[in-house]
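Here is how the chains run, residue by residue.
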Amino acid sequence: NLGMDVHRLAVAILKKVTELGVAAGKSPTSISAAGLFMATQLVPQSRKSPKDIAFISGVSEVTIKNTYKDLLLRKYELIPSDLVSKNAIDNLTPF
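The present account deals with the structure reproduced in this document.

Things to note about the overall build of the protein chain
Reasoning step 1: The secondary structure content of the protein chain amounts to six helices and zero strands.
Reasoning step 2: Along the protein chain, from the amino end to the carboxyl end, the secondary structure elements read α-α-α-α-α-α.
Reasoning step 3: Since a compact globule built from 95 residues should have a radius of gyration of about 12 Å, the 12 Å found for the protein chain is in line with a globular shape.
Reasoning step 4: Considering only contacts in the protein chain between residues 6 or more positions apart, those separated by 24 or more positions represent 66%.

As structure tokens, then:
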């Protein structure tokens, strides 16, 4: 029940993760879960907690949080500015 906006955004983020090699050494499942979590944080009506993403992905909350922190370091490269405002990207916060 995340909606097409979140799906489209998560796919775009994960494509960039692959293109830029950000996922090197990480489990694809962990990267996918963290990318999905990031996408939900960027679509206010679809926000989910790490616990929610852990439940649907089978990845632990701690792994999602740690991988998300890695993705945050390159958020301006990973998140397409044509899908999300710069303000929304600026407001992404670590735990």
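Here we look at the side chain of Ser30
Reasoning step 1: Turning to its location among the elements, Ser30 is positioned in helix H2 (residues 28-42).
Reasoning step 2: For Ser30, the residues in contact, after removing those within four places along its chain, are Val59, Thr63 and Thr67.

Details of the environment of Phe95
Reasoning step 1: If you trace the backbone, Phe95 turns up in the segment after helix H6 (86-90).
Reasoning step 2: Judged by relative accessible area, which is 46%, Phe95 ranks as partly exposed.
Reasoning step 3: For the pair Phe95 and Lys69, spaced 26 residues apart in the sequence, the C-alpha separation amounts to 8.1 Å.
Reasoning step 4: What Phe95 contacts, discounting residues up to four positions off in sequence, is Phe37, Pro50, Lys65, Tyr68 and Lys69.

Quick notes on the packing of aromatic side chains
Reasoning step 1: Under the defined criterion, the tally for this structure stands at one aromatic pair.
Reasoning step 2: With a centroid separation of 4.9 Å and 85 degrees between ring planes, the pair formed by Phe37 and Tyr68 is classed as edge-to-face. Placement of the pair is Phe37 in helix H2 and Tyr68 in helix H4 (residues 61-72), with a sequence separation of 31 residues.
Reasoning step 3: Classification of Phe37 by relative accessible area gives buried; the value is 3%.

Each value, and the rule that gives it
Residues numbered from 1 in each chain as written. Predicted model: local features only at pLDDT ≥ 70, side-chain atom pairs only at ≥ 80, totals over all residues. Heavy atoms only, no water. Helix = DSSP H or I, 4+ residues; strand = E, 2+ residues; numbered from the N terminus. Rg over C-alpha atoms; globule rule 2.2 N^0.38 Å. Contact = heavy atoms within 4.5 Å. Buried < 20%, exposed > 50% of the residue type's maximum accessible area, 1.4 Å probe, protein only. Phe/Tyr/Trp six-rings, centres within 6.5 Å; stacked < 30°, edge-to-face > 60°.

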